[in-house]
Each structure stands twice: as structure tokens, then as C-alpha cells.
Amino acid sequence: MEDGKQVILCVDDDPDILEYLKVVLEANGYAVQTAASAEEGMRRFRETPPDALIVDLMMEEIDSGTGLVTELRAAGNQAPVFMLSSIGDNLQRTIDTSALGLAGVFQKPLDSEVLLSLLKAKLRR
Amino acid sequence: MEEVGASCAWPGLIPLERELRARLAWFVRLRWAAAAAIAVGAWGTARAAGGQFAPLPMYMVAAAVALYNVAFLAITGRLAAYGPGSRAYRGVIYAQIGLDWIALICLVHYAGGVDSPVPLAFTFHLIIGAILLSRIACYVQAAIAAAMLAVLVGVEHAGWWPRVQVPVLVGSTPCSGAGCLFRWAVLAGFFVVVAYLITSITVAVRRDEEALFASERALQQSYREMETLYEMGRVVNATLDLDQVLGRIAENGAQLLGVKACSIRLLEQDGQHLRIGAAYGLSERYLAKGPVAVDRSAIDAEALRGQTVQIRDASRDPRFQYGEEARLEGIRAVLCVPLQAKGRTIGSMRVYAAEEREFSRSEANLLRNLANLGAAAIENARAYAELRALSEERAWFARVTHHQLRAPLAATKSMLEALRYAGPLTAKQAEFVERCGRRIDELLRMIRDLLDLAAAQRPLVGRAAEPVRLAECLRTALATAAEQAERKPVALEVSLPDTAAVLADGDDVERVFSNLLDNAIKYTPAGGRVRFVVEEGRRELIAVVEDTGIGIEPADQDRVFKGFYRTEAAKATGEVGTGLGLSIVARLVERWGGRVELHSEPGRGSRFTVRLPAAAA
């Protein structure tokens, strides 16, 4: 929580996607933290424990996002983690989402309504 | 001589000889008849002579013949253990002829001397002797026969063994001394002529038989070699596993040349060293002896220049790099040939014999042929590895391209989405943003389909068909289709047995049916019906996607599978599409050995039938 708002940590190496998430999420009452790499994401996670995370799967190289998710779990993260996928339909086949304990997967290009409704559902508690 | 057949008692004999040896047994059997004939002849003569002839001595001769024949019968049975060229074998033949002749001489005497027709029986032995023994032995026998008769004539005329008068056989007036001499001379001449004729024939026949047998043996050897080479060729073409192919070639090389071991060495990238590609019959210790340096192994250097190299004794030949190790390994003679493929030498192939020996030209040729096969196998396997690497590179390139093309578009689309959160838009601005979004979607679909089409056209290098259970593989696709159908609304019926499985690739199968279901729902007006029915056959699985949609004109039915083609009716529905979906479907189904059939009536609906090889449930 930050000023009574739920904090969403967004990690993606595409600044335009980060900007999009910031605009959409802030307009809907969330506080947004952004990170451009897995390392930065980890640092921000330690500084301000978020209420939810949105992590891109393909940062710099394939699967570095999954590495971050695993690291987050090891660091004791309890907040729901959503993944962003830009390799489209093959995501479910290449990554075992249940093993990673993901709360959901968003396909790029992002659909704001789907994003907000899923986020809201998972953060209701 | 080499072995020609396992069933033969004396391996290595030419067929004529083999048959003649069998006659040895026949010779013994014939003697029973001879003994009987003597007895019957004696009895008949006694009857005809009416008391002027005493048959007893002849009966005794017949009994003696039968008696020693019993002994020969026993000996002949044991003779199989000895070779036909052995002294025992020849000794038995000479003993038989010798005893027979003593019996014959007695018969000649008791039948009335050289006047009687009995001496002619000697020719019988001359014939058998010519067949069973040599040409010279036949002449010697003729001479001995003549000599024995001469002695008999002499002894009878000297009165030491008084002549027996048998008028029935020799007439009432037996010949005088000069007459007997003349008869003897005629008989001796007759024996020589018979010996000459018989041996001329048998020698010629034997020579022809030997030549024929030699060519038959050469033919058999060639056939064996051809068979091995053919088998090798088949193995080389059937598998791309280099180690397996080289292992088989090394094994066959050693076996075919009848030697201790065989190895295949491949030239390293540096062109200076050889490494073992495969070996048969060599110990681990020998194989681990160290690197083979081309400049220190003169035989490999020569082989790499395209030469065939022979070494009689590896332990003493300075051209052999590891002489001492070879000695400890029990290697003596070595034959080394180059491995050449497409005019390039890529290594060497060697066979190792445990004894000091010279390899023949045909053996060297055989090894070169095997080496050529080995070289072809290596080239095939290398080409396959390159193709595989290329295919993987293409797949990687496609993946990266996909990402790189999609990422900026996805970001743009997302930013357009965010516009409305960034501040209020006029109605016109909102409409333009909406239209931009649609065009970006179109482009994203096109990128996906083009890359999918490219992937469907890539050869299936390194991808084997695996059993794919449809119910599991199509779970997401069916859920998406159900949502899509519900939105429209279109009734979606699915009949998919839980056990239904195909032999293909899961991603490809999913793409095929999600495309077909997407199309069916897209081009079926609201209120229509889409059915997805899967039937399991014994060999193939038949999946039908049927709709009550707009249908396809007969003229368009082939074109929809060609790519970049959408029917006018499809465009008129306002649904978006790239015109590549069915082309991707057809290629993906065909690459796994299946086919797609289309039945459609414009305005009534379409039915796509996909047949794919069934996997055992």
C-alpha cells in the first residue's frame, strides 16, 4: 500500500509497455512501480513490497522473466504475479504457469479491460 | 582350398571328385555282385561242362572276395575322417585293386588261362583306377595287369601251376605257347589303349570341372561381397546415426576379409591428426594408445594421398606409428585404404590380420568399396547435421523475427489503448484510434500466419511424430472456440472420444483444429451450427469440422488451400482474415502424412475432413 493505493510492480524492458501500464493502472487507482530489468525489479520488490506484480516473460532473452518469478518466490513473495507474453499462443506450451504459481498471463498487445478485471479480481482481498 | 558347402564330407573337392569318392563305396557294393557273379558263373560253367569242370576253386575265390569285401566295407565307413588325398585313402584303394587282381588272376587261371574271356575284367579296374587315382597310376595298373598275366602264362606253361582245361570257355584246343604269347600281347595292348582313352577323358573332364569349380567359387565369393556391400549400402541409407553406421562397416570389413580387426579413422579439422571413428576387434588399450599424427604415420599419410597401403608385419615396419603396441595387440599384417567422398579424402580405413600375410588385389578392392560406403555414410550424416543446424537456425530466426515484429506493434497497440486513459478524445479521434487498432490487429495476424506458414513449410528435421491425444491437446482451442461460438451465437457440438490420438506434433495439431474451428465459427451466421466430430479408425483418425455457414463456391475450393486467397463471400461477412489459415492447415496435416478434404455448398455450409495417422491409444 502506498497512500492507501495498492502497489503494482511492473517489470518490462519495453519502456512503451511500462508507460502504458503506468497510465492505465494509475488512471484506475493503483500506484505503479516500474523496473526495466529483472535485477531492477528485484531491487524495487525489496524496497517496496508490491500488492501485485506484472512481469514480462521475454526480457533481453527468452525466459529471463521466469527466472525473476522463481527468484521472487524464493524471496518469499506472496503477492500475485501476472506474466506478460509476447510469444503469443505458444506461451502455455513453453512455460508451466502452475509450476511458477502465476496468477494469470496477459497477451501483448494488452487489452486494458481484461487486464483491469483480472487484476481487480485477484486483489479483492 | 576353401569351403564350398557344409554338407560336403570332404570340403574343397571339385564336384567330379566328390562324386568319384562316393564311387568308392559303390566299388565295394559292386564287389558283392562280382562275388555272386563268380559263384553263379562257376556253377553255370560246371553245369554246361557236365563234369569236365570243377567249380570248387572258383567258389573259394568268390568266398575270398566276399570275405575281404566285408573288411573293406568296415574300413570305407571309417575313411570319411581322412581326406581323399591322404595315404590311408589311397592305400585302401590300392589294397582293393591288389586283392581284386589276385582274385582275378586266380579266376583267369581256373577259367582256362588267357584264352578265356576273364582277363577282360582287368579293364574294369583300369577304369575305376583312372577315376579314383591318377593318370600315371592308371598306366602303372595296366602294366601290372599285363605283367601279372605274363607271369601267369609263364607259370602255367612251365607247369608250376598246371593249366586248367575248361573247353566250355576256351574251346577244345587251348592255345599253344606262341598262341598264348600272342593273346597276352593283344590283351596288354588292349589295356594300354583302354588306359590311354580313359585317362584322356577323365583328365580333360577333371580340368574342365576344376576351371568351372574355380569360377563358381569366385562367383560365390563375389556374390558374398556384393551382398555385404548391398547390405552396407542399405544400412548407410537407412540411418543417419554416424556411429552406428561406421560400427557396422568396421565389423563387416573385418568379417568379410576374414581378419582380426578393422578400424575407421577420420581426419581432424587440423588435417594433421586422425581420430578413431569406429573400430571392431581392437582392445580399449590399443585404441587409447594416443593420437595418430599424419606426419608420423606414413601409412595413413599414403592412404590420405589416395594410395592403398600394405604392411606385412606392423611391429617391424617403420611406416607404422605404434609398432610395439601393434605387436602387443597381436597385429601383424595391415591393409589401409583412403576414405574418399566427393573427391575429398576424409580419413582412412584399415584391416588388421593376426598373421603375417599379403592381401590380394580383390581384397584391397573390396576394402576400398567398403571405405567408399563409409565415406558416403559420413558425408550423409554430416549433411544431415548441417541441415539440422540450419533448420534450428531458421526456427530461431523465425522466433526472434516474430518477437521483434510483434513487440513494437504490441506496444503501439497498447499505447493506443492507453490514449483514452491519458485524457478525453473527440469522437473523431476515438474513431481513428479504433481504426488504427484494427489495422494493427490485422498486421499482427498477418505476421503470425506468415511465420506459421513458413514454419509449416520447413522440413521436419529432427522432429519425430509422437502420439498426441486430441482431448488434451485441444483443450484450450476448444475452450476458445466455445467462447467464440457463445459470443456469436453459434451452436458448437463436440464429439471427441477421450482415447482419440494421432501421430504428429501437438503444436501443429492444435494449430490445425483451432484454425478450422475459428473459420467455421467465423463464417457461420448467428444461429447456425458448428460440429466437431472425431472418429477413430484402425489406421487413421478422421476429424470432421462441419458448419452451416456461407460455404465455398466449387471454383474456389482448391484455391482456398493455396494461400493469400479469401472468397468474395468471406470478405463480405466483414470478418477479418489473412487468407493463409487453410493453407497452413493443409501443409501441417500433409507434413504428418495426413490429408484434408473439403465438401462445401455455397450458402449451406462446409465440411472439412482431416485424416491423420492414428496413434495407438
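Residues numbered from 1 in each chain as written. Chains lettered and ligands numbered in written order. Predicted model: local features only at pLDDT ≥ 70, side-chain atom pairs only at ≥ 80, totals over all residues. Heavy atoms only, no water.

> Where do I start with the pairing of strand β13 (residues 605–613) of chain B in this structure?
Regular strands show a simple pattern: their side chains alternate between the two faces of the sheet. All names here are of chain B. For β13, the tally of buried residues reaches seven of nine residues, placing the bulk of the element in the interior. Two strands pair when backbone bridges link them, and strand β11 (residues 540–547) and β13 are joined in this way by seven bridges, in the antiparallel orientation. If you follow Ala543 over to β13, its bridge partner there is Val610. Pairing of strand β12 (residues 595–601) with β13, which is carried by seven bridges, proceeds in the antiparallel orientation. Paired with Val596 across the two strands is Val610, which belongs to β13. Counted along the chain from β12 to the antiparallel partner β13, the turn is three residues long, and its residue Gly603 has a positive phi close to 85°. (Buried < 20%, exposed > 50% of the residue type's maximum accessible area, 1.4 Å probe, protein only. Helix = DSSP H or I, 4+ residues; strand = E, 2+ residues; numbered from the N terminus. Pairing = 2+ DSSP bridges.)

> Please clarify how the pattern of salt bridges should be interpreted in this entry.
For side chains bearing opposite charge, pairing can occur when the charged atoms are close. All names here are of chain B. According to the stated counting rule, one finds 49 salt bridges over all chains in the structure shown. A salt bridge links Asp313 to Arg316; its shortest N-O distance comes to 3.1 Å. Between Lys413 and Asp441 there is a salt bridge, with the nearest N and O atoms lying 3.2 Å from each other. Here Asp441 lies in helix α13 (residues 427–457) and Lys413 lies in helix α12 (residues 361–422), a separation of 28 residues in the sequence. The class of Lys413 is buried, set by a relative accessible area of 14%. Each of Arg312, Asp313, Arg316, Arg332, Glu356 and Glu358 takes part in salt bridges that share partners, so that together they form one network. (Salt bridge = Lys/Arg side-chain N within 4 Å of Asp/Glu carboxyl O.)

> How do you make sense of the sheet that holds strand β3 (residues 292–293) of chain B when you look at a structure like this?
Two strands in a sheet stick together by hydrogen bonds in their backbones, pointing the same way (parallel) or opposite ways (antiparallel). All names here are of chain B. One open sheet accounts for six strands, arranged β3-β2-β1-β6-β5-β4; its pairing is antiparallel. Here the strands that pair on one side only, and so sit at the sheet edges, are β3 and β4 (309–311). In terms of strand pairing, β4 meets strand β5 (residues 334–341) through three bridges, oriented antiparallel. Among the inter-strand pairings, Ile311 is bridged to a residue of β5, identified as Val334. Helix α8 (residues 242–256) contacts β1 (261–267), β2 (273–280) and β6 (344–352) of the sheet and is inclined by roughly 70° relative to β2. Against the sheet, α12 engages β1, β5 and β6, with an angle of about 40° to β5. (Contact = heavy atoms within 4.5 Å. Axes fitted to C-alpha atoms, helices over the stretch in contact; angles between N-to-C directions.)

> Help me out: how do you make sense of the interface of chain A and chain B in this one?
It is common to report an interface's size as the accessible area lost on association of the parts. Facing the 23 residues of chain A at the interface are 21 residues of chain B. Taken together, both faces of the contact between chain A and chain B bury some 1,700 Å²; the carbon and sulfur share is 59%. Viewed at the interface, chain B and chain A are joined by one salt bridge. The residue Glu113 of chain A makes a salt bridge to Arg420 of chain B at a minimum N-O spacing of 3.9 Å. (Buried area = accessible area lost by both parts, 1.4 Å probe.)

> Quick question: what am I supposed to make of the packing of helix α7 (residues 177–238) of chain B against α12 of chain B here?
Residues and elements named next belong to chain B. At a minimum axis separation of 10 Å, α7 and α12 run at an interaxial angle of 5°. Considering their axes alone, α7 and α12 lie roughly parallel with respect to each other. Here Glu225, Leu229, Met232, Gly233, Val236 and Asn237 of α7 lie close against α12, whose contacting residues are Leu366, Asn369, Leu370, Leu373, Ala376, Ala377 and Asn380. (Parallel < 35°, antiparallel > 145°, perpendicular 65-115°, else oblique.)

> Which parts of the structure should I look at to understand unusual backbone geometry?
Where the residue is not glycine, phi is negative for most of them; where a peptide bond is considered, it is trans in most cases. Backbone torsion omega between Lys108 of chain A and Pro109 of chain A reads -5°, so that peptide bond is classified as cis. Along the chain, the position of Pro109 of chain A falls in the loop between β5 (104–107) and α6 (112–123). Here the residue pair Lys488 of chain B and Pro489 of chain B is connected by a cis peptide bond, since its omega of -10° sits within 30 degrees of zero. Turning to its location among the elements, Pro489 of chain B is positioned in the loop between α15 (475–487) and β8 (491–495). In the Ramachandran plot, Lys342 of chain B falls in the positive-phi region, its phi being about 50° despite a non-glycine side chain. Within the element layout of this structure, Lys342 of chain B appears in the loop between β5 and β6.

> I would appreciate a short explanation of a nonpolar patch on the surface in the present structure.
Residue and element names in this part refer to chain B. Together, Tyr139, Val192, Val193, Tyr196 and Leu197 give the surface a local cluster of nonpolar side chains, amounting to about 460 Å² of exposed area. Looking at which element gives the most residues to the nonpolar patch, the answer is α7, with four residues. The residue Tyr196 is located in helix α7 in this model. Classification of Tyr196 by relative accessible area gives partly exposed; the value is 46%. (Patch = residues over 30% accessible without salt bridge, like charges linked within 9 Å, V, L, I, M, F, W, Y side chains within 5 Å. Areas by Shrake-Rupley, 256 points an atom, 1.4 Å probe, with all protein chains shown as cover.)

> What is the right way to read the sheet that holds strand β2 (residues 31–35) of chain A from this model?
All names here are of chain A. Strand order in this open sheet of five strands is β2-β1-β3-β4-β5, and the pairing throughout is parallel. Looking at which strands have only one partner, the edges of the open sheet turn out to be β2 and β5. Between one strand axis and the next, the sheet turns by 20° as a mean value, whatever way the strands run. Note that strand β4 (residues 81–85) and β5 share four bridges and pair parallel.

> Is there a simple way to explain the environment of Leu56 of chain B in this structure?
Residue and element names in this part refer to chain B. Its place among the elements puts Leu56 in helix α2 (residues 56–79). What makes Leu56 exposed here is its relative accessible area of 54%. Each C-alpha atom of the pair Leu56 and Ala42 lies 8.1 Å from the other, and the pair is 14 residues apart in sequence.

> Honestly, empty space enclosed by the protein in this entry has me stumped. Any pointers?
Unoccupied space between atoms shows up once a probe the size of one water molecule is rolled over them. All names here are of chain B. Under the definition given, this model contains two cavities of 30 Å³ or more. Volume-wise, the largest cavity comes out at about 50 Å³. Every residue lining the largest cavity is listed: Arg265, Tyr286, Lys289, Val292, Ser297, Asp300, Phe320, Gln321, Tyr322 and Arg350. The computed volume of the second largest cavity comes to approximately 30 Å³. As for the second largest cavity, its lining consists of Ala504, Asp508, Val509, Val512, Leu588, Val589, Trp592 and Leu612. Sort the elements by how many residues they give to the lining of the second largest cavity and helix α16 (residues 506–522) lands first, with three residues. Its residues assigned to classes, the lining of the second largest cavity shows seven nonpolar, no polar and one charged. (1 Å grid on protein atoms, 1.4 Å probe; cavity = no way out; pocket = protein on both sides within 12 Å on 5 of 7 lines; lining within 4 Å. Points joined across faces, edges and corners; volume = space filled by probe spheres on them. Nonpolar A, V, L, I, M, F, W, Y, C, P; charged D, E, K, R; others polar.)

> I'm lost on the nonpolar core in this one. Help?
Generally speaking, nonpolar side chains in soluble globular proteins are found buried as a group. All names here are of chain B. Counting residues in each nonpolar core, the largest one holds 51 residues, and the members touching the most others are Leu24, Val65, Ile93, Phe122, Leu132, Leu149 and Phe191. Within the residue set of this core, elements represented by two or more residues are α1 (15–49), α2, α3 (87–110), α4 (121–132), α5 (135–158) and α7. A per-element tally of this core places α3 first, with 10 residues. Membership of the second largest hydrophobic core comes to 44 residues, among which are Leu453, Cys473, Leu474 and Leu496. (Core = buried A, V, L, I, M, F, W, Y, C linked by side-chain atoms within 4.5 Å.)

> Just to check I follow, could you spell out helix α3 (residues 64–74) of chain A for this structure?
Count 3.6 residues to each turn of an α-helix, and residues three or four apart come out pointing the same way. All names here are of chain A. Considered for burial, the residues of α3 that qualify are Gly65, Thr66, Leu68, Val69 and Leu72. Seen end-on, α3 carries its buried residues on one side only, within an arc spanning 155°. Directly after α3, the chain includes Gly76, whose backbone phi takes a positive value near 85°. (Arc of directions from axis to C-beta.)

> Would you mind showing me how to read the packing of aromatic side chains here?
Any two aromatic rings considered together are summarised by their centre-to-centre distance and by the angle between their planes. All names here are of chain B. Enumeration over the complete set of coordinates arrives at nine aromatic pairs over all chains. On the basis of an interplanar angle of 85° and a centroid distance of 5.9 Å, the ring pair of Tyr68 and Phe72 is categorised as edge-to-face. Separated by four residues within a single helix, Tyr68 and Phe72 lie in helix α2, roughly one turn from each other. Considered together, Tyr68 and Phe72 belong to a single accessibility category, that of buried residues. (Phe/Tyr/Trp six-rings, centres within 6.5 Å; stacked < 30°, edge-to-face > 60°.)

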